[in-house]
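Remarks on the overall topology
For reference, the chains in residue letters:
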Amino acid sequence: VPLLSPYSIWHENSIIEFETYFTLGLPLPRRFQRSLDDCRLRTLLLQVRDLGLGYDSEETVLFKYCSGGCPRARTNHDLTLSVLLQKSSIPALHHERIYSDPCCRPTRYEDVAFLDTSHQWHKVEKLSASACGCVG
């Protein structure tokens, strides 16, 4: 069940109140619904040699990473930038690659330790994600 809140979103050049969907009994658009596509921590069981870091080891480690989508939170900055990009009077902005949507990234990392084939311990700092969030 989605939470009601008094905030607004940017949609097709208009501000639409989130609560309007409930008042009119309309189904919620996908961008409001929580799903498996949301930004979250995921895990893979990998052999150390498959990490691409050059270690020769038979050990298997749990590699955690972040994946999924993030809501398009529109701030006043995003709205202004969108308008400026649409205006032909500011050509310099058309030549730059500008991203305003948040992306799913690790917000904390953890170290991973393993034994190589020569029986030496190695500790790789900040190898695996330990928390994820929408950044940007």
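The protein chain carries the name Artemin in an unreviewed UniProt entry, which gives Erpetoichthys calabaricus as its organism. On record in UniProt, under Sequence similarities (unreviewed entry), the comment for the protein chain is "Belongs to the TGF-beta family. GDNF subfamily."

1. Quick word on the overall build of the protein chain
Scanning the protein chain from N- to C-terminus turns up two helices and six strands. Secondary structure elements of the protein chain, listed N to C terminal, follow the sequence β-β-α-β-β-α-β-β. When the 136 residues of the protein chain are sorted by exposure, 25% land in the buried category. Considering only intrachain contacts with a sequence separation of at least 6, the fraction spanning at least 24 residues in the protein chain is 48%. Total accessible area computed for the protein chain in this model is approximately 10000 Å², and 53% of it derives from carbon and sulfur atoms.

2. Thoughts on the packing of aromatic side chains
This structure, assessed with the given rule, holds two aromatic pairs. Aromatic side chains Tyr55 and Phe114 sit 5.0 Å apart centroid to centroid with 75° between the ring planes, which places their arrangement in the edge-to-face category. One end of the pair, Tyr55, is in the loop between strand E3 (40-47) and strand E4 (60-67); the other, Phe114, is in strand E5 (residues 103-115), with 59 residues separating them in the sequence. Residue Phe114 is classed as buried on the basis of its relative accessible area, which comes to 0%.

3. Examining the pairing of strand E6 (residues 121-135)
Where E5 lies against E6, eleven bridges are found, and the strand directions are antiparallel. Note that in E6 the partner of Tyr109 across the bridge is Ala129. Here E5 folds back onto E6 in antiparallel fashion, the turn holding five residues, of which His119 has a positive phi close to 65°.

4. So, the environment of Ala113
Topologically, Ala113 is positioned in strand E5. Residue classification places Ala113 among the partly exposed residues on the basis of a relative accessible area of 48%. For Ala113 and Leu127, which are 14 residues apart along the polypeptide, the C-alpha to C-alpha distance reads 9.6 Å. Here Ala113 is in contact with Trp121, His122 and Lys123, once residues within four sequence places are set aside.

What counts and how
- Residues numbered from 1 in each chain as written.
- Predicted model: local features only at pLDDT ≥ 70, side-chain atom pairs only at ≥ 80, totals over all residues.
- Heavy atoms only, no water.
- UniProt positions renumbered as here; feature names shortened; annotations may be inferred.
- Helix = DSSP H or I, 4+ residues; strand = E, 2+ residues; numbered from the N terminus.
- Buried < 20%, exposed > 50% of the residue type's maximum accessible area, 1.4 Å probe, protein only.
- Contact = heavy atoms within 4.5 Å.
- Areas by Shrake-Rupley, 256 points an atom, 1.4 Å probe, with all protein chains shown as cover.
- Phe/Tyr/Trp six-rings, centres within 6.5 Å; stacked < 30°, edge-to-face > 60°.
- Pairing = 2+ DSSP bridges.

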